[in-house]
Amino acid sequence: MRAAGRGGGRIAGVIAALPLPATLRAGTRDLLVRRATADDLPALIALIADDPVSAGRGDSADGTATAAYRRALHEVVDDPSNEIVVAVAADGEVVATLQLTRIPGMSRRGATRLLVEAVRVRSTRRSSGIGTALVRWVTGTAAPAVGASLVQLTSDEARTDAHRFYERLGFVGSHRGFKHAVGAQPQAR
């Protein structure tokens, strides 16, 4: 990871074109959106574990998987096509996160996609406009900045509230996704 908690090895890539840090308005409050750093690891783990679907898959903040989460964070942020961003409240608390992956493609006349994954808002801050502000930033600012003409995401079938949320923001449930667990990994859902 590069400077300011990220180490020095990051390769510059198109995802580096993201205009970060950025200030977003969520309801009546401002949020700072910035790249995640190694210092954010405890907050990222807590956001993942705070989610019932993730917790049901074995994600927890009990410290048993910290090394795996640390490795994953380094791997994502060291890849020039990926980024993990965090939203930070005025009090310094990390209140949300999401992962972005830029995917060049052949279909749709060579369209580039921006994939949004692992969207998490702290449970005590949900329904406060944070998720809306983040997703609008992705579609209105981040996607054009990295040359993406399509923003796509997946959402677990159990997340019916999330599906309505994304539809309100203009996303269309046009495809059905499939996953296949490889080897001894836990069954993907």
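The rules behind the values
Residues numbered from 1 in each chain as written. Predicted model: local features only at pLDDT ≥ 70, side-chain atom pairs only at ≥ 80, totals over all residues. Heavy atoms only, no water. pLDDT = per-residue confidence, 0-100. Contact = heavy atoms within 4.5 Å. Pairing = 2+ DSSP bridges. Helix = DSSP H or I, 4+ residues; strand = E, 2+ residues; numbered from the N terminus. Axes fitted to C-alpha atoms, helices over the stretch in contact; angles between N-to-C directions. Buried < 20%, exposed > 50% of the residue type's maximum accessible area, 1.4 Å probe, protein only. Parallel < 35°, antiparallel > 145°, perpendicular 65-115°, else oblique. Nonpolar A, V, L, I, M, F, W, Y, C, P; charged D, E, K, R; others polar. Phe/Tyr/Trp six-rings, centres within 6.5 Å; stacked < 30°, edge-to-face > 60°.

Asks: Teacher, can you tell me more about the confidence of the model for the protein chain here?
Replies: The predicted structure's coordinates, where accompanied by low pLDDT, should not be read in detail. For the protein chain, per-residue confidence averages 86 on the pLDDT scale, and residues scoring 70 or more make up 88% of the total. Low pLDDT, under 50, characterises residues 1–11; the predicted model gives this stretch 30 contacts beyond four residues in sequence or across chains.

Asks: Where do I start with the sheet that holds strand β2 (residues 29–35) in this structure?
Replies: The six strands are arranged β1-β2-β3-β4-β5-β6 in an open sheet whose pairing can be described as mixed. The open sheet terminates on both sides in strands that have one partner only, identified here as β1 (22–26) and β6 (150–153). Adjacent strand axes in the sheet meet at a mean angle of 30 degrees when their direction is disregarded. With seven bridges connecting them, strand β3 (residues 82–88) and strand β4 (residues 94–104) associate as antiparallel partners. If you follow V85 over to β4, its bridge partner there is L98. Each of β3, β4 and β5 (112–121) is contacted by helix α1 (residues 41–49), which is oriented at about 90 degrees to β4, the strand it contacts most.

Asks: What am I meant to see in the side chain of R125 here?
Replies: Note that R125 resides in the loop between β5 and α5 (130–145). Non-local contacts of R125, meaning those with residues more than four positions away in its chain, are made with A89, D91, E93, V95 and I130.

Asks: I would appreciate a short explanation of the environment of L18 in the present structure.
Replies: Positionally, L18 belongs in the segment before β1. Overall, L18 belongs to the buried group, its relative accessible area being 4%. Discounting chain neighbours no more than four positions away, the residues touching L18 are R35, E83, L100, W137, A142 and V146.

Asks: Quick question: what am I supposed to make of the packing of α1 against helix α3 (residues 66–78) here?
Replies: Each pair of packed helices can be summarised by the angle the axes make with each other and by the distance between the axes. Where α1 meets α3, the closest approach of the two axes is 11 Å, and the angle between their N-to-C directions is 110 degrees. Accordingly, the angle class assigned to the pair α1 and α3 is roughly perpendicular. The residues of α3 that touch α1, namely those facing L41, L44, I45 and I48, are T66, Y69, R70 and L73. Its residues assigned to classes, the contact of α1 with α3 comprises six nonpolar, one polar and one charged.

Asks: What exactly am I supposed to notice about the packing of aromatic side chains here?
Replies: Two aromatic rings, taken as a pair, are described by how far apart their centres are and by the angle between their planes. In this structure the tally under the stated criterion is two aromatic pairs. Relative to Y166, the ring of F165 has its centre 5.1 Å away and its plane inclined at 65 degrees; by these criteria the two rings are edge-to-face. Taken individually, F165 and Y166 each receive the classification buried, so the pair is uniform in this respect. Measuring from ring centre to ring centre gives 5.8 Å for Y166 and F171, while their planes differ by 70 degrees; the resulting arrangement is edge-to-face. Owing to a relative accessible area of 10%, Y166 belongs among the buried residues under this scheme. The class for F171 is buried, based on a relative accessible area of 16%. Grouped by ring-pair contacts, the aromatic residues F165, Y166 and F171 constitute a single cluster.

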